[in-house]
Amino acid sequence: MTNLVNLTIDGKACQVPSNYTILKAAESIGINIPRLCFLEGIHEQSNCRVCIVKIEGVRGLKTSCSTKVIEGMVVYTDTKEVYEAVSFNLELLAGNHKFECWKCSRENSCEFLDLLRRFNVDNDFSNAKLFDQKEIKVNNSSDAMILDSSKCVLCGRCVSACEKLSGLGILNFSNRGANTYVGPAQFHNLEDAGCIYCGKCIQACPTGAIREKDEIKFLERALRDKSKTIVVQVAPSVRAAIGEEFGYKIGTNAEGQMFAALKELGIHEIIDTNFTADLTILEEGSEFIDRLQNGGVLPMFTSCSPGWVNYLELYYPEYIPNLSSCKSPQQMAGALIKTYYAEKLGKKPEEIYSVSIMPCVAKKAEAKRPEMGRDGYKDVDLVITTRELARIIRHRGIAFQDLEPIKPYGLLAEYTGAGNIFGTTGGVMEAALRTVTEILEGHSTPVDFTEVRGLDNIKEATYMVAGTEVNVAVVHGGAAIKEFITKLKTTDKQYHFVELMGCTGGCINGGGQPIVSAINQEKYDVRALRAKVLYNIDAKAEFRKSHESKAVKTIYEEFLGKPNSHKSHDLLHTHYNERSFYDVK
Amino acid sequence: MKTLEELKALREKSHKKMYMDGVTRGVRIQVGYGTCGIAAGATPVYETFVNEIKDLNLENVEIVKVGCMGECAFEPTVEIIESNGSKTIYCLVTDRIASEIVEEHIMKGHRIDKYLLSKIKR
Amino acid sequence: MLDRMHILICGGAECKQSNSVEIRDKFKSEIKRLNLGDDIQTALTGCFGLCALGPHVLIYPGETLYSGVKLEDVTEIVEQHVAKGKPVERLLFKGNFDRSKFRNRSELTFYAKQTRIVLRNCGVINPLDINEYIARHGYEGLGKVLTNMTPEETIDEMKKSGLRGRGGSGFPAGVKWEFTSKSVSDQKYVICNADEGDPGAFMDRAVLEGDPHSVLEAMAICGYAIGADTGYIYIRAEYPVAVERLGIAIKQAEGLGVLGKNLFNSGFNFKIELRLGAGAFVCGEETALIASIEGERGMPRNKPPFPAVKGLFGKPTNVNNVETFANVPVIFLKGADWFKSIGTEKSSGTKVFALGGKIANTGLLEVPMGTTLREVIYEIGGGIPNKRKFKAAQTGGPSGGCITAKSLDTPIDFDNLIALGSMMGSGGLIVLDEDNCMVDVARFYLEFTVEESCGKCTPCREGTKRMLDILNRICEGEGTMNDLDVLERLGKMIKDSSLCGLGQTAPNPVLSTLKHFRKEYEAHVIDKVCPAGVCPNLTNYVVLDNCIGCTKCARNCPVGAIEGKVKEKHFIDLDLCIRCGACKTACPVNAISTKPESWEEV
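Not measured: the values here are computed from a predicted model.

This part is about the overall build of chain C. When helices and strands are tallied, chain C shows 23 helices and 17 strands. Taken over the C-alpha trace, chain C has a radius of gyration of 27 Å; the compact-globule value for 602 residues is 25 Å, and the two agree within 12%. Within chain C, the proportion of its 602 residues that are buried is 62%. Long-range contacts, defined here as pairs at least 24 residues apart, represent 70% of the contacts in chain C between residues at least 6 apart. Split by element, the accessible area of chain C, about 22500 Å² in all, is 51% carbon and sulfur. Placing the 72 positive and 75 negative side-chain charges of chain C at their respective mean positions leaves the two points 1 Å apart.

This paragraph deals with the confidence of the model for chain C. Close inspection of predicted coordinates is inappropriate in any region flagged by low pLDDT. Of all residues in chain C, 92% attain a pLDDT of 70 or more, and the chain-wide mean is 90. Two summary scores accompany this predicted model of the complex, namely pTM at 0.87 and ipTM at 0.91.

Residue and element names in this part refer to chain A. Strand order in the open sheet formed by 5 strands is β2-β1-β5-β3-β4, with mixed pairing between adjacent strands. Strands with a single pairing partner mark the edges of an open sheet, and in this sheet they are β2 (12-17) and β4 (62-63). With 2 bridges joining them, strand β3 (residues 52-55) and strand β5 (residues 74-76) adopt antiparallel strand pairing. What sits directly across from Ile55, in β5, is Val75. Against the sheet, helix α2 (residues 80-94) engages β3 and β5, with an angle of about 155 degrees to β3.

Pairs can form between side chains of opposite charge whenever their charged atoms are close. All names here are of chain A. Under the counting rule described, the total for this entry stands at 86 salt bridges over all chains. Between Asp538 and Arg434 there is a salt bridge, with its nearest N and O atoms 2.8 Å apart. Of the two residues, Asp538 sits in helix α18 (residues 526-540) while Arg434 sits in helix α15 (residues 427-441), which places them 104 residues apart along the sequence. No difference in accessibility class separates Asp538 from Arg434, as the two residues are buried. Through salt bridges with shared partners, one network takes in Lys98, Glu100, Lys103, Asp148, Lys151 and Arg211.

This part is about the interface of chain B and chain C. The partner chain C presents 49 residues to the 38 residues of chain B that form the contact. Taken together, both faces of the contact between chain B and chain C bury some 3400 Å²; the carbon and sulfur share is 55%. Here chain B is connected to chain C by 2 salt bridges. Counting the contacts that link chain B with chain C gives 14 residue pairs in polar contact (both at pLDDT 80 or more). Secondary structure elements with two or more residues in the side of chain B that touches chain C: α1 (4-18), β1 (27-32), α2 (35-40), β2 (61-66) and β4 (87-90) of chain B. Here the side of chain B that touches chain C gets 7 residues from one element, more than from any other, and that element is α1 of chain B. Grouping the amino acids of the side of chain B that touches chain C by side-chain chemistry returns 18 nonpolar, 11 polar and 9 charged.

Attention now goes to the nonpolar core. Where a protein is soluble and globular, its nonpolar side chains tend to be buried together. One finds Met145, Ile242, Leu262, Phe301, Trp308, Leu389 and Ile393 of chain A to be the most contacted residues of the largest nonpolar core, which totals 110 residues. Looking at which element gives the most residues to this core, the answer is helix α8 (residues 255-265) of chain A, with 6 residues. Setting aside residues up to four positions removed in sequence, Met145 of chain A forms contacts with Asn139, Asn140, Leu190, Cys195, Tyr197, Gly199, Cys201, Ile202, Arg211, Glu212, Lys213 and Val361 of chain A. Core analysis: the second largest hydrophobic core is formed by 74 residues, Ala173, Ala253, Ala326 and Ala354 of chain C among them.

In this section: helix α9 (residues 212-226) of chain C. Residue and element names in this part refer to chain C. A rise of 1.5 Å per residue sets the reference length of α9, with its 15 residues, at 21 Å; its end C-alpha atoms lie 22 Å apart and thus fit the reference within 8%. Taken across its 15 residues, α9 has 15 buried, putting it largely inside the fold. At the C-terminal side of α9, Gly227 shows a positive phi close to 95 degrees.

Residues and elements named next belong to chain C. Look at helix α5 (residues 140-148) against α9: their axes get within 9 Å of each other, and the N-to-C directions meet at 15 degrees. Put simply, α5 runs roughly parallel to α9. As for how α5 packs across α9, the hand of that crossing is left-handed. Residues Glu140, Gly141, Leu142, Val145 and Leu146 of α5 form the contact with α9, whose own contacting residues are Glu217, Ala220, Ile221 and Tyr224. Split into classes, the residues belonging to the contact of α5 with α9 amount to 6 nonpolar, 1 polar and 2 charged.

Bringing helix α14 (residues 373-380) of chain C into the picture now. Residues Leu373, Glu375, Val376, Ile377 and Ile380 of chain C constitute the buried set of α14 of chain C. Summarising the contacts, the buried residues of α14 of chain C are in contact with β9 (350-357), β10 (363-368), β11 (390-395), β12 (402-404) and β13 (428-433) of chain C.

Residue and element names in this part refer to chain C. Strands sit in the order β7-β6-β5-β8 across an open sheet of 4 strands; the sheet is parallel. Each end of this open sheet is capped by a strand with a single partner; those strands are β7 (271-276) and β8 (317-321). Sheet twist, expressed as the mean angle between neighbouring strand axes with direction ignored, is 20 degrees. Of the pairings in the sheet, the one linking strand β6 (residues 230-235) to β7 comprises 6 bridges and is parallel in character. Its bridge partner being in β7, Gly231 is matched across the sheet by Ile272. Relative to the sheet, α9 contacts β5 (189-194), β6, β7 and β8, its axis offset from that of β5 by approximately 150 degrees.

Calculation notes
Residues numbered from 1 in each chain as written. Chains lettered and ligands numbered in written order. Predicted model: local features only at pLDDT ≥ 70, side-chain atom pairs only at ≥ 80, totals over all residues. Heavy atoms only, no water. Helix = DSSP H or I, 4+ residues; strand = E, 2+ residues; numbered from the N terminus. Rg over C-alpha atoms; globule rule 2.2 N^0.38 Å. Buried < 20%, exposed > 50% of the residue type's maximum accessible area, 1.4 Å probe, protein only. Contact = heavy atoms within 4.5 Å. Areas by Shrake-Rupley, 256 points an atom, 1.4 Å probe, with all protein chains shown as cover. Lys, Arg positive; Asp, Glu negative; His and termini not counted. Charge placed at Lys NZ, Arg CZ, Asp CG, Glu CD. pLDDT = per-residue confidence, 0-100. Pairing = 2+ DSSP bridges. Axes fitted to C-alpha atoms, helices over the stretch in contact; angles between N-to-C directions. Salt bridge = Lys/Arg side-chain N within 4 Å of Asp/Glu carboxyl O. Buried area = accessible area lost by both parts, 1.4 Å probe. Polar contact = N/O pair within 3.5 Å; in protein donor to acceptor, adjacent residues only side chain to side chain. Nonpolar A, V, L, I, M, F, W, Y, C, P; charged D, E, K, R; others polar. Core = buried A, V, L, I, M, F, W, Y, C linked by side-chain atoms within 4.5 Å. Expected span 1.5 Å × (residues − 1). Parallel < 35°, antiparallel > 145°, perpendicular 65-115°, else oblique. Left-handed = near helix turned anticlockwise from the far one by under 90°.

Structural data, given as structure tokens:
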């Protein structure tokens, strides 16, 4: 039970719990102290010095994000002195910044730009004749992400995010003083630095210093290439968040408008990754039942999260046999697009340009894996993130809010509620359980498995299925992955099926999703709100179990035969490799 | 060593040894051996003292490396403490001057004025 | 040690009438009779100014003043005070005396005004022999504390002594110990900050090399007081001699049983380990130091929480500087009251200064707080060599400011120096003369700070770099008046909003020199001239009329910029001149000038 404290901020009385900081207290009464490096629970080092305030009776200016309230404190957040000091600090940061705002991925979500506007900051320190300009360090050889020091404000949020959320600490400060930069050790190539591409760093970055590889131009080119037919697949999580890019509240289902926007862009062949999510359940469910009944390697691990697959290949390659051999829904869709769908369209695979819209940055690298294609072509030619999609919609001047919702037509756009909940942690597990229990029990089984829902880092449950005790676990985020695997190595408990995701919260919180500012990350439980969208769609869906999907049944009848058939294996299954990093030759 | 009494006994014993209590004509040569002294050239000075005292087979002469005496601008410094209580500090000592000190001061008991710290022209 | 004691007898007219000369002679003969050694100086001095109560005898160290001394009192003074260190109560001067009067003494040497407490054993004992430390009362303080005092009493004594941190903060050590002792935890730590990083400071080095046991003993006393059983000495790797000697000292202390388990049968355990720095000035800041020991990047952390509550590995930790610790054993040996009697009301004890720059006696000296700068610089330091004029004294290194001639009579203590716009810092005292350019000096310190900034917070990382860019331009002749304004505003902002002490004090040299030497800055900016003749772009070398035509300058010029016939006045071609100064050094008659007044002919 914390006490309440009375203080005065800018003349306004305020009563807050005694463990509040001045920053939090001010925000609670509507005073928004400027802030840059503070990211609650992740980075609380008060190093940007932008949130400084004047406290009566205290020398100098103190950071409001780190100073706890005291009874009777008198705080001024906006005196001339404070205003000038904050402006100066911002000016100093601007002096090293390469401003390319019109083509920057953070054009309208840059916290630094917002502050510069707010304080109407001058930019004298960027005059190269008068002031030394910093060396620019760019790390852009990876398939998924770019590090660009010309935009970095050295807030340290990415360093802390990688340390706390992925548990890997890939990024850190190097050198010191004015030569400090952020990156992997020795500024080694990111793809070779043990990074899993979960993108938590991108979501933590207030500017465009860490960003997804921007590949909109490839889509633009393809749209103007008469020789190509573009087929687009969209992941479940995209519809749960894209509305945020156009002013909608967090937790708005913008599915219909999303598809309408794709049409407006000139894309006519639209399928839904939810379809292959359902397909994945059939393939993976059968694989699991096979292992369960025939002494296969257990526990079986899901394999749809490329961030998680990267993690396993890099850090726990000894568990490769445990991974499901199923491709991710994105890659299954890609394979079907280039074979089944191409045939249906009367096109050759090379004439199809397969694009996926993903909440994920790691998918960009997944699509480029050598095994994700055949006969010289790739199953997925281009992966663009939710953010990139929003950007291209904005650039084209399409008024998203005014669009009439549509639903794509076609077999590969059909999905069940189970396929849709893939985007949230526990969703894959629940979808799998719905199908597996019914198959094993031989009759209709309950549809809701609420024990595996929710945002706890590691969730565990046990279900009695056809007389067997099945132990499951659901894990999300790199730090939780490490915790779970460490436990797994020493425990006596036999797990059977484990869902693991590279991102905390699952794909709805993926590295490619709309950026939520630091202050909004405190105000809203973003993951829960977005997950709710998916669960709502599921609750209202006509069919909620993957094996009930008519589309899935059709594809087996017409094309694949049955789960784990030779053709299924050929197109829908893959293999993994042990990987090392920091190979210094 | 566990008690104040033991400590006191050790102190008295060590003090006697350091200041050559009961020794007639005992000499303690302290060479300033902090980094400042070493940088100024205290090592050849120390070695000269050690070698010459050994060659001359002098008894009751101890040569000790001590810390910085403070007058860093005039190092290497050497302090000669005798069992009769007399103390002398020489400054800007070289190996040659060390030899002279051994001959004049240690052997014959004459202070060499021109090398004294107190007499140096600043 | 040089001259162990100074006995000063007032030789003023009144006192002479009262036998001061005979008194002086009697002192000499009594000292000889009792065989007390050659190192006790007796001297007749100028008038003390208390004529009615003479003859006076003033004895250093301790500044004991006797008044109304008669010839027959001398034996008692020699037997009690000189031989045994016990002042003769009945003869002590009872009134108030104005210290400022005691300045026209002409017979003093380097050590007379020093009070060597921290440096008590430096240059006296063999640091590699624990027995010599013990011979000089080593580990007796620890023994007394562990045998006769509780931890609370130990802290009370520390508080009573008034000892303030000598690393630069000036925070009362006893209060810090108390905070740490009050924190509840299963594990606590003592840390000695031996990362002496100020350029020109080497006080801690002297203590660590010359008297390492004093630090070990102090840390053990601290551990007992606060409830810690483990100590770390964080020492910069650039002090290999000190590292080696500390290692040996620790082993010897463990061997003797004054470190380790059950010290002095008290049940108290204490062990000490060394940790080496790796060349970062910022790791002298206590939270950055703690981060470094933890294996993290040496970057400071927010305070609060303070290390006393949450320090090393998250446990309550007490961090103190080497010099602070070196005072501790003596406080417990001689008592807090004794310590408090030295120095000033608010700053008790002494301070070790590393005197450097344009001064005759560079080196280490230790004076009671309250000694004036003038005394330090002129009487102990020997004044400015080569007949040059004093310009400023820089205290506190890269965190401090300059003190000008008009403040030389300020008694040195923590608060006075801050009031002057500088700070005590760790004790570096650099004396500057008329040939130093204050803009260049500020730039030198800022270069250091910019290099050493850890980079964590915006104002220090970016702001000091920009200040340096401006100073560089000013020194190259491309400064503007607006630059001076920016320096001031930027400096104030950096001071107000930086995360740690490095940033909060980095602008001090610039702001201080701007305040006291604004004209010099303006000369650089408006006239494009460096009055001191230092900044190459703003300096011209000119041959004066007293040139004797010896051609030495021309022969020493590396670029052949000097022309002239033998016995005729030479001439420097300023287009070729690279401002190296070789000619000025070579000239035997001081006929080459860089001062702007000599430029009319150019």
